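What the coordinates show
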Amino acid sequence: MKKLGHLLQTKRKELNLSIRKASELIGISHTYLSNLEKANDPRSGAPVKPTLETLKLISNAYKIDLNVLMDISGYASFLQTNRLAENTFKETATQHKPTKKEKIAEELIQVLVDAGELKPGEELSEEKRERLFKMIKKAIELSKL
């Protein structure tokens, strides 16, 4: 987390921002930003690891590539996740011939990704899962007409 803290502090100073102004720009508390820059919680001494949502906010505010922030924060980047999934799929594809249902499922997932309804590696909330289920159900109904 020290790398992240150093990067955040350096970027904030490059932008000539105080902790308070930077935290407003990002959308987090100044105390939390200070803890991120110090790489630990001063009360407990425990390392502070931001959530992916916080990293997205920082990425947007500071114009830093999200993958860079994810890597130095200990998260696998979207690119790494996609490469891993792609390699796993290639390995599996040589060992297993996809069934018709699996092919349809893959195509459906790709349609949802292309439509912006689904992101690779995204955890789905119950609400989003229900919305996607309804979309799929409606598509199946329409395909029968």
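The following refers to the structure shown. Values in this document were obtained by computation on a predicted structure and should not be read as measured data.

1. Observations concerning the overall build of the protein
Helix and strand counts for the protein stand at 8 helices and 0 strands. In sequence order, the protein lays out its α and β elements as α-α-α-α-α-α-α-α. Each of the 145 residues in the protein was classed as buried or not, and the buried ones make up 24%. Within the protein, counting contacts between residues at least 6 apart in sequence, those at least 24 apart form 41% of the total. Carbon and sulfur atoms form 57% of the exposed surface of the protein, whose accessible area is close to 10,500 Å².

2. Thoughts on the pattern of salt bridges
If you walk through the whole model with that rule in mind, you get 3 salt bridges. Its salt-bridge partner being Lys-11, residue Glu-14 comes within 4.0 Å of it at the nearest N-O pair. Note that Glu-14 and Lys-11 are positioned in helix α1 (residues 2–14) at a spacing of 3 residues, about one turn of the helix. On the basis of relative accessible area, Glu-14 is assigned to the exposed category, the value being 56%. Glu-37 is the salt-bridge partner of Arg-12, the closest N and O atoms lying 2.6 Å from each other. With Arg-12 in helix α1 and Glu-37 in helix α3 (residues 30–38), the pair connects residues that are 25 residues apart, well separated along the chain.

3. Here we look at the environment of Gln-9
For Gln-9, the location among the structural elements is in helix α1. For the pair Gln-9 and Lys-38, spaced 29 residues apart in the sequence, the C-alpha separation amounts to 8.7 Å.

4. Examining the nonpolar core
Counting 16 residues, the largest nonpolar core has Leu-8, Ile-26, Leu-33, Ile-58 and Tyr-62 as the members making the most contacts within it. Counting only elements with at least two residues in this core, the list comes to α1, α2 (19–26), α3, α4 (52–62) and α5 (66–72). Of all the elements, α4 adds the most residues to this core, at 4 residues. When near neighbours in sequence (up to four residues on either side) are disregarded, Tyr-62 contacts Leu-8, Lys-11, Arg-12, Leu-15, Leu-17, Ala-22, Ile-26 and Leu-33.

5. What to know about the environment of Asp-41
Within the fold, Asp-41 resides in the loop between α3 and α4. Classification of Asp-41 as buried rests on a relative accessible area of 15%. Ignoring anything within four residues of it in the chain, the contact list for Asp-41 reads Asn-35, Ala-46 and Val-48.

6. Examining unusual backbone geometry
The phi dihedral of Asn-16 falls on the positive side, at around 60°, and the residue is not glycine. Within the element layout of this structure, Asn-16 appears in the loop between α1 and α2. Here Asn-16 falls in the exposed class, since its relative accessible area comes to 70%. Unusually for a residue other than glycine, Lys-63 sits at a positive phi of about 55°. Secondary-structure assignment places Lys-63 in the loop between α4 and α5.

Parameters at a glance
- Residues numbered from 1 in each chain as written.
- Predicted model: local features only at pLDDT ≥ 70, side-chain atom pairs only at ≥ 80, totals over all residues.
- Heavy atoms only, no water.
- Helix = DSSP H or I, 4+ residues; strand = E, 2+ residues; numbered from the N terminus.
- Buried < 20%, exposed > 50% of the residue type's maximum accessible area, 1.4 Å probe, protein only.
- Contact = heavy atoms within 4.5 Å.
- Areas by Shrake-Rupley, 256 points an atom, 1.4 Å probe, with all protein chains shown as cover.
- Salt bridge = Lys/Arg side-chain N within 4 Å of Asp/Glu carboxyl O.
- Core = buried A, V, L, I, M, F, W, Y, C linked by side-chain atoms within 4.5 Å.

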